[in-house]
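# Coordinates in review
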Amino acid sequence: MLIKKRMKAKVFILITIPFLIVLTGCGEFKDIDRMVFVSMIGIDQTDDPEKPYKIILKLYVPTSSFRQNSTPEYTYLSKNGKTLAETISILESHLDKELDFGHSKLIVVGEKILQNDNYKEILDYLIRKHDIQMISYFAVGRPAAEEIIKFLPAGETALQPTIFNYFDNNGAESSYIISTFLFDLRRRLKEEGIDPILPIVEMNEPKTHFIINSAFAVQNLV
């Protein structure tokens with residue numbers, strides 16, 4: 001009798017465990033064709049006190065070909081709002097797919113935002129949002145983040161956005177180029193005696209490429 005009971009218990013466990021794994025392990029999974037990946041995040045300040053933030057999201061357009069010389073295709077979402085959380089939630093309702101921020105490699109804020117304390121609220125949201133990587137680069141767009149986010153330099157390929165090469169040291173290597181990660185910016189703002197330094201991203205005239213050879217000391221702006 002004891003052996004039979006043990007056998008029944010083992011059979012019950014073998015049948016139950018896979019069923020529980022299916023229920024608990026696959027609830028949050030979504031197919032890749034039901035997701036849209038955010039390449040860059042731009043945040044500007046508006047002149048409307050009711051909706052002070054403008055969010056610009058640069059989205060990858062899925063393609064079946066990733067040849068080295070293929071021209072990249074992007075689409076953009078833009079919205080003004082009262083808070084970052086509210087604005088991004090509204091933008092999520094503009095698509096039939098889920099916005100995935102896990103591949104957002106660059107966050108650009110407009111120069112105007114650093115002239116007041118709004119950057120603290122922005123940083124707090126970015127740190128708390130679970131799907132934004134702490135190793136994302138953080139930079140200042142001059143004169144605005146939207147121009148930097150939407151600018152597409154000549155010769156850019158679908159494999160690697162040109163602006164990433166400046167910070168990755170995969171292309172340009174210059175002592176004038178500063179790379180600041182999101183986690184490092186947060187640490188430097190909290191630690192005494194360490195001033196955050198943010199790279200400034202500009203465009204040349206007649207707007208053919210980026211210029212990154214200057215920086216902001218955040219302490220001097222607040």
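Let us look at the structure shown here. (Residues numbered from 1 in each chain as written. Predicted model: local features only at pLDDT ≥ 70, side-chain atom pairs only at ≥ 80, totals over all residues. Heavy atoms only, no water.)

With that settled, the discussion passes to the packing of aromatic side chains. Scanning the model with the defined rule gives six aromatic pairs in all. Arranged with centres 6.0 Å apart and planes meeting at 40°, the rings of Y60 and Y74 form a pair that is tilted. Taken together, the residues span a long stretch of sequence, with Y60 in strand β2 (residues 53–60) and Y74 in strand β3 (residues 74–81) at a distance of 14 residues. Relative accessible area serves as the criterion here: at 27%, Y60 is assigned to the partly exposed category. The exposure class of Y74 is buried, given its relative accessible area of 15%. Both rings, one in Y137 and one in F181, keep their centres 4.9 Å apart while their planes meet at 25°; by these two values the pair is stacked. With Y137 in strand β6 (residues 137–141) and F181 in the loop between α5 (162–168) and α6 (182–190), this pair connects stretches of sequence that are 44 residues apart. (Phe/Tyr/Trp six-rings, centres within 6.5 Å; stacked < 30°, edge-to-face > 60°. Helix = DSSP H or I, 4+ residues; strand = E, 2+ residues; numbered from the N terminus. Buried < 20%, exposed > 50% of the residue type's maximum accessible area, 1.4 Å probe, protein only.)

Turning our eyes to something else, we now look at the nonpolar core. Counting residues in hydrophobic clusters, the biggest one holds 32 residues, and the most contacted among them are I41, I43, L57, L99, F101, L126 and F138. Among the secondary structure elements, those contributing two or more residues to this core are β1 (35–45), β2, α2 (84–92), β5 (106–110), α3 (118–128), β6, α6 and β7 (197–203). It is α3 that contributes the most residues to this core, five residues altogether. For F138, the contacting residues outside a window of four places in its chain are I107, V109, L126, T180, L182, L185, L198 and P199. Of all hydrophobic cores here, the second largest spans 19 residues; its members include L106, Y137, A139 and F167. (Core = buried A, V, L, I, M, F, W, Y, C linked by side-chain atoms within 4.5 Å. Contact = heavy atoms within 4.5 Å.)

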